[in-house]
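# Observations on the model geometry
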Amino acid sequence: VDVDEGKLSDLAADVDDDLHIDSQILVDALNQLEYEHVELIELRFFEKRSFSEIGKLMGLKEDAAKMRVYRALNKLKALVQ
């Protein structure tokens, strides 16, 4: 996945709109996540896939995909705060 500054800024805003998270901190936090969580974040925030598409790709129902994406995002938030 091509991670450019714009995509990192979008993800940083979703992690915490009040904080101005440094790109390197965000990349370091992503590197600490489990592979599945990184994959979910990549699909949703970098590839801009819908929850329905994520579900199909990962063999999940749409609601389960949404729940897993937000769990991954919460883990990422915990790492950067």
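Residues numbered from 1 in each chain as written. Predicted model: local features only at pLDDT ≥ 70, side-chain atom pairs only at ≥ 80, totals over all residues. Heavy atoms only, no water.

## Re the overall build of the chain
When its secondary structure is counted, the chain shows five helices and zero strands. Reading the secondary structure of the chain in the N-to-C direction produces α-α-α-α-α. Expressed as a percentage of its 81 residues, the buried residues of the chain come to 33%. For the chain, contacts bridging at least 24 residues in sequence account for 55% of all contacts bridging at least 6. (Helix = DSSP H or I, 4+ residues; strand = E, 2+ residues; numbered from the N terminus. Buried < 20%, exposed > 50% of the residue type's maximum accessible area, 1.4 Å probe, protein only. Contact = heavy atoms within 4.5 Å.)

## Points about the packing of helix H4 (residues 51–58) against helix H5 (residues 62–80)
In contact at an axis separation of 8 Å, H4 and H5 are set at 100° when each is read in the N-to-C sense. If you check the angle between H4 and H5, you find them roughly perpendicular. Of H5, the residues touching H4 (which contributes Phe51, Ser52, Ile54 and Gly55) are Glu62, Ala65, Lys66, Val69 and Tyr70. Looking at the contact of H4 with H5, its residues break down into five nonpolar, two polar and two charged. (Axes fitted to C-alpha atoms, helices over the stretch in contact; angles between N-to-C directions. Parallel < 35°, antiparallel > 145°, perpendicular 65-115°, else oblique. Nonpolar A, V, L, I, M, F, W, Y, C, P; charged D, E, K, R; others polar.)

## A closer look at the packing of helix H3 (residues 35–46) against H4
At a closest axis distance of 10 Å, the pairing of H3 and H4 adopts a crossing angle of 140°. Compared by their axis directions, H3 and H4 come out oblique. The element H3 and its partner H4 pack so that their crossing is right-handed. Across from Glu36, Glu39, Leu40, Leu43 and Arg44 in H3, the residues of H4 making contact are Phe51, Ile54, Leu57 and Met58. (Left-handed = near helix turned anticlockwise from the far one by under 90°.)

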